[in-house]
Amino acid sequence: MAVLQHELTLGEAADLLSRALPGHRVEILQGRLTVTPPPDGSHALSLTKACRALERAGIDGSGAEWAQGIGLWLPALPEDFAIPDLSVVDEDFRDAHVTKNYYAPNVFRLVVEVTSSNWSDDLYVKVECYAQAGIPAYLIVDRKHDEVLLFTDPVNGKYPSPQHFERGQSVPVPESVGVRVELSVDTLLDG
């Protein structure tokens, strides 16, 4: 008996993995399928506290919204997408739906990643991907190296060198986000 085999596309493989591994984040970055386990408690608290700071700063009514875990379509390769830990997007971001649950990069004002077991993706691959997509600000809570990095204003698909923030400092959120707020590096790193 002959068995017909169907070779999966990256997108199909990503969909299968997403269903098979609930709670894991499945992304396609630069044509490579990546899977990240669920976040730990400190990771989750870092994001919660950043969201609270955005709320206190008045994001509601500013024309922007924060959202955790929404898909960002990456235009460099046809099946590429990321799911940032936290995004600040235009209030009407749902009008920029591209496919599945991914939205066009032009509605993203800020993306935030808190490093975990796949920290090198956040520090290298996603820097390239987000710059190529034209994301105005990319904040990395680098728990591996105990610092926070802020990349802003990509030019020709590349970010200039990042600003580095150490414990005891605060990170000023760029004006492009739509609210004025400073985030404590200690709180971001520790949750």
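The text that follows walks through the structure, step by step, so that each part is easy to find. (Residues numbered from 1 in each chain as written. Predicted model: local features only at pLDDT ≥ 70, side-chain atom pairs only at ≥ 80, totals over all residues. Heavy atoms only, no water.)

**Brief notes about the overall build of the protein chain**
Note the cut-off: Think of it this way: any DSSP run of H or I at least four residues long counts as a helix, any run of E at least two long counts as a strand, and we number them from the N terminus. Computation of the radius of gyration draws on C-alpha atoms alone. For the globule rule, the value is 2.2 Å times the number of residues to the power 0.38. Per-residue accessibility takes into account occlusion by the displayed protein chains alone, with areas from the Shrake-Rupley method and a 1.4 Å probe. Positive charges come from Lys and Arg alone, negative charges from Asp and Glu alone, with His and the N- and C-terminal ends not counted. The atoms used to mark charge sites are NZ of Lys, CZ of Arg, CG of Asp and CD of Glu.
A tally of regular secondary structure across the protein chain gives four helices and 14 strands. Against the 2.2 N^0.38 benchmark of 16 Å for 191 residues, the protein chain shows a C-alpha radius of gyration of 17 Å, consistent with a compact globule. Its C-alpha atoms give the protein chain principal-axis dimensions of roughly 70 × 35 × 30 Å. Carbon and sulfur atoms form 51% of the exposed surface of the protein chain, whose accessible area is close to 9,700 Å². Separation between the mean location of the 15 positive side-chain charges and that of the 28 negative ones in the protein chain comes to 4 Å.

**Describing the pairing of strand β6 (residues 86-90)**
What counts here: Whether a residue is buried, partly exposed or exposed follows from its accessible area with a 1.4 Å probe, protein chains only, as a fraction of its type maximum: under 20%, in between, or over 50%, in that order. Here the rule is simple: two strands pair whenever DSSP picks up at least two bridges between them.
Counting buried residues along β6, five of its five residues qualify, which places the element largely inside the surrounding structure. Looking at chain direction, strand β3 (residues 64-68) and β6 are connected through five bridges and run antiparallel. Of the residues in β6, the one forming a bridge with Gln 68 is Leu 86. Sheet topology note: the β6/strand β9 (residues 108-114) ladder contains four bridges and is antiparallel. Bridge pairing links Val 88 to Leu 110 in β9.

**So, a negative patch on the surface**
We apply this condition: Patch definition: residues with relative accessible area over 30% and no salt bridge; like charges joined within 9 Å; nonpolar side chains (Val, Leu, Ile, Met, Phe, Trp, Tyr) joined within 5 Å. Any carboxyl oxygen of Asp or Glu within 4 Å of a side-chain nitrogen of Lys or Arg constitutes a salt bridge here.
On the surface, a cluster of negative charge is made up of Glu 55, Asp 60, Glu 91, Asp 92 and Asp 95. Secondary-structure assignment places Asp 60 in the loop between α2 (41-56) and β3. For Asp 60, a relative accessible area of 61% gives the class exposed.

**Description of the pairing of strand β2 (residues 32-36)**
With five bridges connecting them, strand β1 (residues 25-29) and β2 associate as antiparallel partners. Pairing of Ile 28 across the sheet is with Leu 33, part of β2. Between the antiparallel neighbours β1 and β2 lie two residues, among them Gln 30 with a positive phi of about 50°.

**Examining helix α1 (residues 10-20)**
Rules: This arc corresponds to the set of directions leading from the helix axis out to the C-beta atoms. When checking whether two residues touch, look at their non-hydrogen atoms; a contact exists if any pair is within 4.5 Å.
Residues of α1 that are buried: Gly 11, Ala 13 and Ala 14. End-on, the buried residues of α1 take up no more than an arc of 160°, which puts them together on one face. Summarising the geometry of α1, the exposed residues directed more than 90 degrees from the buried face are Arg 19 and Ala 20. Looking at the buried positions of α1, the neighbouring elements they touch are β1, β2 and β5 (81-82).

**What to know about the side chain of Asp 142**
Just so we agree on the cut-off: Whenever a nitrogen or oxygen atom comes within 3.5 Å of another N or O atom, the pair is scored as a polar contact, on the condition that within protein one atom can donate a hydrogen and the other can accept it, and that pairs from neighbouring residues in sequence are kept only if both atoms are in side chains.
Tracing the chain through its elements places Asp 142 in strand β10 (residues 137-142). Buried and without a salt bridge, Asp 142 has Arg 143 as its closest oppositely charged side chain, separated by 7.8 Å. Within the structure, Asp 142 has its side chain in polar contact with the side chain of His 145 (distance 2.8 Å). The contact partners of Asp 142, leaving out residues within four places of it in the chain, are Thr 115, Leu 123, Glu 147 and Leu 189.

**With respect to the packing of aromatic side chains**
Both the distance between ring centres and the angle between the ring planes are used here to describe each pair of aromatic rings. Selection rule: By convention, a stacked pair of Phe, Tyr or Trp rings (six-membered ring in the case of Trp) has centres within 6.5 Å and planes under 30 degrees apart, an edge-to-face pair has planes over 60 apart, and any other such pair is tilted.
As enumerated under the stated definition, the model contains five aromatic pairs in all. Aromatic pair Phe 93 and Tyr 103: ring centres 5.0 Å apart, planes at 75°, arrangement edge-to-face. Taken as a pair, Phe 93 in the loop between β6 and β7 (97-99) and Tyr 103 in strand β8 (residues 102-103) lie far apart in primary sequence, 10 residues in all. With centroids separated by 4.8 Å and ring planes inclined at 90°, the aromatic side chains of Tyr 130 and Tyr 138 adopt a geometry described as edge-to-face. Comparing Tyr 130 with Tyr 138 shows no difference in burial state: the two are buried. Through successive ring pairs, a cluster of aromatic residues spans Tyr 130, Tyr 138, Phe 151 and Tyr 159.

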